[in-house]
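# Structure assessment
Below, each chain spelled out in residue letters.
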Amino acid sequence: MNKQDIQLLYRYNRWANERILNAAANVSGVQFLAPASYPHGGLRGTLTHALFAEWIWRKRWEGDSPIQRIKPEEFPTFDSLRARWLEEDKALDAFIANLTDEKLNAPFQYRNTRGEPLENILWHVMAHLVNHGTQHRSEAAAMLTDLGHSPGDIDFIVFLREMK
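Residues numbered from 1 in each chain as written. Predicted model: local features only at pLDDT ≥ 70, side-chain atom pairs only at ≥ 80, totals over all residues. Heavy atoms only, no water.

## Some words on the packing of aromatic side chains
Under the criterion given, the structure shown has eleven aromatic pairs. Between Y12 and W15 the ring centres are 6.0 Å apart and the planes differ by 35°, which places this aromatic pair in the tilted class. Within this pair, Y12 and its partner W15 are both found in helix α1 (residues 3-24), separated by three residues, close to a single helical turn. Of the two residues, Y12 and W15, neither departs from the other in class, the shared state being buried. Connected via pairs of aromatic rings, a cluster forms that spans W57, W61, F95, F108 and Y110. Across the ring face of W57, the terminal group of R60 is positioned such that the distance to the ring centre comes to 4.5 Å. (Phe/Tyr/Trp six-rings, centres within 6.5 Å; stacked < 30°, edge-to-face > 60°. Helix = DSSP H or I, 4+ residues; strand = E, 2+ residues; numbered from the N terminus. Buried < 20%, exposed > 50% of the residue type's maximum accessible area, 1.4 Å probe, protein only. Lys NZ or Arg CZ within 6 Å of the ring centre and 35° of its normal.)

## Focus on the packing of helix α3 (residues 43-61) against helix α6 (residues 122-146)
Contact geometry for α3 and α6: axes closest at 9 Å, N-to-C directions at 170°. On the basis of the axis angle, α3 is roughly antiparallel to α6. Residues L43, T46, L47, H49, A50, A53, E54, W57 and W61 of α3 lie in contact with α6, whose contacting residues are L122, V125, M126, H128, L129, H132, H136, E139, A140, M143 and L144. Its residues placed into classes, the contact of α3 with α6 shows 13 nonpolar, five polar and two charged. (Axes fitted to C-alpha atoms, helices over the stretch in contact; angles between N-to-C directions. Parallel < 35°, antiparallel > 145°, perpendicular 65-115°, else oblique. Contact = heavy atoms within 4.5 Å. Nonpolar A, V, L, I, M, F, W, Y, C, P; charged D, E, K, R; others polar.)

## Re the packing of α1 against helix α4 (residues 78-97)
Direction vectors running N to C along α1 and α4 enclose 170°, while the axes themselves pass 12 Å from each other. The orientation of α1 relative to α4 falls into the category roughly antiparallel. Across the interface between the two elements, K3, Q7, Y10, R14, N17, E18, L21, N22 and A24 of α1 pack against F78, L81, R82, W85, D89, K90, L92, D93, I96 and A97 of α4. Its residues placed into classes, the contact of α1 with α4 shows nine nonpolar, three polar and seven charged.

In structure tokens form, the structure reads like this:
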């Protein structure tokens, strides 16, 4: 893996997140907070989980291993969640800007939320994070579509075609 490739994956990740968030901006407060039978609950819970994953992995890559989680209750409104996500986007962009091919292909150590030590190759978990986001964006897209606010296609190939 090289820096150019990971930057492309993360541009896709940002693009797909924005499509979901732009669609979610159209739901009512009641719809945003409503429970659902998805693994992380409704729209708020699912989006919070995706945001949490981006935050905690970035923190780990930077050498910090938080044990606390970002919780849905921290976001009483969609706007509060989106504002926090924009902050995370900036921090993630800064991290990616400072990557080197050497760092991407090297192992890094971190602790999971239970405090257990782990080690992975950096690009492996960076690719994992984009893939993880795909799962939860898909869940959010299904909820949004049911609410009449489909985000449209969020496939990687659609992103590539739009980039041309």
